[in-house]
Amino acid sequence: DWSMILTELGLDPQVYEVASDTVSVRSWDTPTAEGLQRAFYFRADVRLKKPGKADIDALIADIRKRKPREKAESGGESMMVVVVSDTQIGKEGTAETVQRFIRSMDLVAQRWAELRKAGRPLGRLLIACLGDLIEQVAGHYPSQTYTAELDHGEQMRVMRRLLIEALVRWSKLPGLQDILVAAVPGNHGEQRPVLTRETDNDDLHIVEMAADVLSANPEAFGHIQFVLAQSLTQTLQPIVDGPVIGLAHGHQTGSGANPQARVQKWWSDQALGQTAIGDCDILLTGHYHSFQIATVG
C-alpha cells in the first residue's frame, strides 16, 4: 500500500498509483561512527491510474432501457450558412449560371424548412460572399475580353439583382430573426490594370450596393446586416460564445499539391503569424470552383 507515500508527495492515491514493475530497492553496509549501518535506496515510477474496466452488464442494461429522445422545438439560436462564391457573371454560360442561382434560392428555403422541421433551433442566416461574383472584361487572361458575354456594367447589374432578389426571398423565411451578409474581395473583382487598394473591389461594391438598396426600406429589411471586409480576409463571431468564422476568397493561398493542401498550408501559416484569420475555428474559402470540406488540426 503506497497511499501514505503518495500522500506525502502531494499526490492523490485515488488518482495516482505506483507502477509495481518499476519498484527498485537496493541496500548496502556503510561504516559510521556507531559502526556498520545498513543504508537503503528506493526508486519507483508514479503514474495515473488506468480507468477501471467498464461494467458490460450495466452498458447492456442502459441500451435496453433507452427511451426515444423528445423532439426539440425550433427556437432561434442556430445559424445556417449560405456561401455565394465564384459565380463570375459575364463569363461564357452566364444564362445557365443565372438559372442555377435562381434554383439555389429555392434550395436554401427548402433546406431551411427541413432543418427547422428536424428540430434545429434555426433563427439566423449567414450569407458568406467569398468573391469573384463577376467575371470582369480584361486583365486576368488574354482571351477574357473576347469571351465575356456581358460588359462590366451589365455584369454588375445582373449580379446585384441576383443578390438583392435572394436576400428579399430569404428575408421572409419562417422563424427568421436576422441575416448577416459578410463579404471579402476576390481576384476577379480587382480594378485592373490599375490596382488601387485591396478593398477597391467589385465584389465588395456589389454587396455594398445591395445594402444601400435594402436600407431604403428598414421596416422590411432592417433585420439584414452587412459587414464588408477591410482587407483580403475577414473574421466574425456571429453567435455569442460560438465559433469564430474566417472568410477568404482563396487566391492568396499560394502553392500546394492540390487546392485543399494550399488552403491548409496558407491557414497554418496565418496561425503561425498570429493573424486574426489564423485563429478562426471555421474557414470558408472559394476560388477553386468545387466543394470540399475537411477537418484539420
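Residues numbered from 1 in each chain as written. Predicted model: local features only at pLDDT ≥ 70, side-chain atom pairs only at ≥ 80, totals over all residues. Heavy atoms only, no water.

Visitor: Help me out: how do you make sense of the packing of helix 3 (residues 94-117) against helix 5 (residues 152-170) in this one?
Guide: How two helices sit against one another is set out by the angle between their axes and by the gap between those axes. In the contact formed by helix 3 and helix 5, the axes pass within 10 Å of each other and the chain directions differ by 15 degrees. One way to sum up the angle between helix 3 and helix 5 is to call them roughly parallel. Read as a crossing pair, helix 3 and helix 5 show a hand that is right-handed. Across the interface between the two elements, Val-98, Phe-101, Ile-102, Ser-104, Met-105, Asp-106, Val-108 and Ala-109 from helix 3 touch Val-158, Met-159, Leu-162, Glu-165, Ala-166, Arg-169 and Trp-170 from helix 5. Among the residues making up the contact of helix 3 with helix 5, the classes are represented as 11 nonpolar, 1 polar and 3 charged. (Axes fitted to C-alpha atoms, helices over the stretch in contact; angles between N-to-C directions. Helix = DSSP H or I, 4+ residues; strand = E, 2+ residues; numbered from the N terminus. Parallel < 35°, antiparallel > 145°, perpendicular 65-115°, else oblique. Left-handed = near helix turned anticlockwise from the far one by under 90°. Contact = heavy atoms within 4.5 Å. Nonpolar A, V, L, I, M, F, W, Y, C, P; charged D, E, K, R; others polar.)

Visitor: Looking at this model, I keep getting lost on the pattern of salt bridges. Mind explaining?
Guide: Any two side chains of opposite charge can pair, so long as their charged atoms come close to each other. For the coordinates displayed, the defined rule picks out 9 salt bridges. Ionic pairing is found between Asp-45 and Arg-43, a salt bridge with its closest N-O pair at 3.7 Å. Arg-124 is paired through a salt bridge with Asp-178; the nearest N and O atoms lie 3.0 Å apart. Placement of the pair is Arg-124 in strand 6 (residues 122-129) and Asp-178 in strand 7 (residues 178-183), with a sequence separation of 54 residues. Assessed through its relative accessible area of 16%, Arg-124 is described here as buried. Judged by its relative accessible area of 18%, Asp-178 is buried. (Salt bridge = Lys/Arg side-chain N within 4 Å of Asp/Glu carboxyl O. Buried < 20%, exposed > 50% of the residue type's maximum accessible area, 1.4 Å probe, protein only.)

Visitor: Explanation requested: the packing of aromatic side chains in the structure shown.
Guide: Inspection of the entire model under this criterion finds 1 aromatic pair. Plain terms: the ring middles of Phe-40 and Phe-42 are 6.2 Å apart, the flat faces sit at 20 degrees to each other, and that makes the pair stacked. Here Phe-42 falls in the exposed class, since its relative accessible area comes to 61%. (Phe/Tyr/Trp six-rings, centres within 6.5 Å; stacked < 30°, edge-to-face > 60°.)

Visitor: Hey, could you run me through helix 6 (residues 202-215) in this one?
Guide: Think of an α-helix as turning once every 3.6 residues; residues three or four places apart then point the same way. Under the 1.5 Å per step criterion, the end-to-end length of helix 6 is 20 Å for 14 residues, consistent within 8% with the ideal 20 Å. Listing the buried residues of helix 6 in full gives Asp-202, Asp-203, Leu-204, Ile-206, Val-207, Ala-210, Ala-211 and Leu-214. Those residues of helix 6 that are buried lie in contact with strand 6, helix 5, strand 7, helix 7 (218-221) and strand 8 (224-228). Looking at where helix 6 begins, the residue whose side-chain oxygen comes 2.9 Å from the main-chain nitrogen of Asp-203 is Asn-201. (Expected span 1.5 Å × (residues − 1). Polar contact = N/O pair within 3.5 Å; in protein donor to acceptor, adjacent residues only side chain to side chain.)

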